[in-house]
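Understanding the architecture of this molecule
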Amino acid sequence: MPDKRSAIAGLVQVIKPALNVQDIPEFLLRHLEKDVTLLGKALGISVDEAVLVIHLFLLVILVKDVPRLDVVRGLGALAQRPDREKWEALFNQTYVHPFLKEPNLRATQYLPDIAQLQQYLYNKCDGQFDRKDGKMTIGQLIKNVKVEGTRVHLQKLVLRLSKAWELVHERLPEHSRLRVDHKYLIPSISLDTKLDYLIPTTTGAGVCTSSLVDFLVCIHNTFMAKCRDQVYGNTLQKIPITQLNSCYVVDYEHQLIPIVLSLCHYSLTYGKGQQIKYDFPALEKHILDRFIYGKPHIMLEIPHVVFKEDRYTKAIFGAIRKKVHQENLPRELQEQIINELRSMHRLKEAMDAIEIILVFVSSGGAKADKNLGEYAERALRMDKQFCSVAQKYCRLKHVVSLWQTISVEFGRQLALKGQINLTQVA
């Protein structure tokens, strides 16, 4: 009993203001209940769901094959505050951070709505915006929409984007490909937010939504790849993000608890109280059938907008030429590209894709002999084929000449249709 008494005595000393020994259990229980409530609020879930999260987290700690943190790092009995702070940091790094990927996965349910909102903005401006338009608020843009049904729908899309942003925006500065500057990390996005944040670009405030989509697509595809490797091994279907709808994403937020509860078996035993048994095999099958099977690999195609003031400027081409040596396309290759891109639609698609590449190359540079198609697919994750000849045979040293070739042909066809004069083409 001496050990128990000394433990109680030590516990009494750390509780301020002092309590009677008999009141300590009730005091600690109230604290635990409050902590569970705060955890639920932080994760955006109910108290019952927070309790399940705690149980899962404790299970992860039990089954994770890692040595004791204090033994590994030589922190001893954690008698000193610096040692305790180091232990907390190690604990977070080892257990908490990997476990809390769940909010990231939960945010992927909003991908179809965000992609739809981006596509609306892109179509509305035909890929071009005046910088002054970005200074209006999101609410002002929606207010100017004449059709009431469209206004209501756009408000819903903005709300869904806002929920995703609140869940993962703090992770975006760490994102490897499209990093968001800390000065643009606003806590929330609402109808009062400047439109700049919604316009998908590769620089400035617009990189927020571009990075958000890129991050969520990466989370979804990584999760599905793990499921494929560990669960069922089938090849994943590929879906362009422009064709994404709610049935293609992992949306479990409001469905998981009812499923768990439906597969619980309650019993009441005299002297033991209520007992709960979970049908884990049935639960696993139900979760796989409902949330995992049939989900695709998402092909990323962010419809980046170019500001009119920046388009076709010498500054962009000058920046590219400084960072990546440029050469003219061989005449024969130019003709093959034009023969492939016969229609105005194909030419416009190719121009849009190449302008995204131009922006990235002008800001970050790359090796001149890098294959254009490989750069678009691996570095920019542009899965869609916009010109097979160009993607196969062109290098980044041809990117300016390629844009000029396609834009001149596009302008020539516009002139033939009487939609533009030759002076504008020049």
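Throughout this document, residue positions are counted from 1 along each chain, in the order its sequence is written. Confidence filtering applies because this is a predicted model: local features only for residues at pLDDT of at least 70, side-chain atom pairs given and counted only at 80 or more, and all residues used for totals across whole chains, interfaces and linings. Here the side-chain values reflect all heavy atoms present in the structure, with hydrogen atoms and water set aside.

For helices the rule is a DSSP run of H or I covering at least 4 residues; for strands it is a run of E covering at least 2, with both sets numbered from the N terminus onward. Along the backbone of the protein there are 19 helices and six strands. Two residues form a contact once any of their heavy atoms are found within 4.5 Å. Pairs at least 24 residues apart make up 73% of the contacts formed inside the protein by residues separated by at least 6 positions. Carbon and sulfur atoms make up 55% of the accessible area of the protein, which totals about 25100 Å². Calculation of accessible area relied on Shrake-Rupley with a 1.4 Å probe; when residues are assessed, cover is drawn exclusively from the protein chains displayed.

The next point concerns the pattern of salt bridges. In what follows, salt bridge is the name for a side-chain nitrogen of Lys or Arg lying within 4 Å of a carboxyl oxygen of Asp or Glu. Summed over all chains, the structure comprises 14 salt bridges. Put simply, arginine 30 and glutamate 33 hold a salt bridge, and the shortest N to O gap is 2.8 Å. Of this pair, arginine 30 and glutamate 33 both sit in helix H2 (residues 24-43), three residues apart, which is roughly one turn of that helix. Burial classes: relative accessible area under 20% of the type maximum marks a residue as buried, over 50% as exposed, and values in between as partly exposed (1.4 Å probe, protein chains only). By relative accessible area, which is 39% here, glutamate 33 ends up partly exposed. When the shortest N-O distance is used, the salt bridge between aspartate 229 and arginine 228 registers 3.0 Å. Residue aspartate 229 is classed as exposed on the basis of its relative accessible area of 58%. A residue is classified by how much of its surface remains accessible, and arginine 228, at 28% relative accessible area, is partly exposed.

This part is about the confidence of the model for the protein. Summing up the model confidence of the protein, the mean pLDDT is 81 and the portion of residues at 70 or higher is 84%. In this model residues 420-426 is a low-confidence stretch, pLDDT under 50, and it forms seven contacts with partners more than four residues away in sequence or in other chains. Note: pLDDT gives the predictor's confidence per residue, expressed from 0 to 100.

Before going further, it helps to spend a moment on a nonpolar patch on the surface. Patch definition: residues above 30% relative accessible area lacking any salt bridge, with like charges linked at up to 9 Å and the nonpolar side chains Val, Leu, Ile, Met, Phe, Trp and Tyr linked at up to 5 Å. Where nonpolar side chains cluster on the molecular surface, the patch consists of Leu261, Tyr266, Ile276, Tyr278 and Phe280 and spans about 520 Å² of accessible area. Position of isoleucine 276 relative to the elements: it lies in strand S4 (residues 273-278). The exposure class assigned to isoleucine 276 is partly exposed, which follows from its relative accessible area of 40%.

Counting residues in each nonpolar core, the largest one holds 76 residues, and the members touching the most others are Ile337, Ile357 and Phe386. Among the elements that line this core, the one with the most residues is helix H15 (residues 344-364), at eleven residues. Ignoring sequence-local partners within four residues, the contact set of isoleucine 357 consists of Leu372, Tyr375, Ala376, Leu380, Met382, Phe386, Leu396 and Val399. Among buried residues, those of type Ala, Val, Leu, Ile, Met, Phe, Trp, Tyr and Cys that are joined through side-chain atoms within 4.5 Å constitute a nonpolar core. Counting 15 residues, the second-largest nonpolar core is a separate cluster that includes Met224, Leu283, Leu288 and Phe291.

Packing of H15 against helix H18 (residues 399-416) leaves a shortest axis separation of 10 Å and a crossing angle of 150°. It follows from the interaxial angle that H15 and H18 lie roughly antiparallel. You can see that H15 and H18 cross each other, and the crossing is left-handed. Between H15, through Met344, Leu347, Lys348, Ala350, Met351, Ile354, Glu355, Ile357 and Leu358, and H18, the contact on the second element is made entirely by Val399, Val400, Leu402, Trp403, Ile406, Ser407, Glu409, Phe410, Gln413 and Leu414. Among the residues forming the contact of H15 with H18, the class breakdown is 14 nonpolar, two polar and three charged. Angles run from 0 to 180 degrees between N-to-C directions of axes, and those axes are lines fitted to C-alpha atoms, restricted for helices to the stretch in contact. In this scheme, roughly parallel covers angles under 35 degrees and roughly antiparallel covers those over 145, while 65 to 115 is roughly perpendicular and the rest are oblique. Crossings are assigned a handedness: left-handed for a near helix turned anticlockwise from the far helix by less than a right angle, right-handed for a clockwise turn. Each residue gets one label: Ala, Val, Leu, Ile, Met, Phe, Trp, Tyr, Cys and Pro are nonpolar, Asp, Glu, Lys and Arg are charged, and the others, such as Gly, are polar.

Here glutamine 109 lies in the loop between helix H6 (102-107) and helix H7 (111-125). Given a relative accessible area of 4%, glutamine 109 falls into the buried group. Engagement of the side chain of glutamine 109 in a polar contact is seen with the backbone oxygen of arginine 106, the distance being 3.0 Å. Contact partners of glutamine 109, with chain neighbours within four places excluded, come to Arg160, Val249, Val250, Asp251 and Glu253. Here a polar contact is taken to be a pair of N or O atoms separated by no more than 3.5 Å, where protein atoms must pair a possible hydrogen donor with a possible acceptor and residues adjacent in sequence count only if both atoms sit in side chains.

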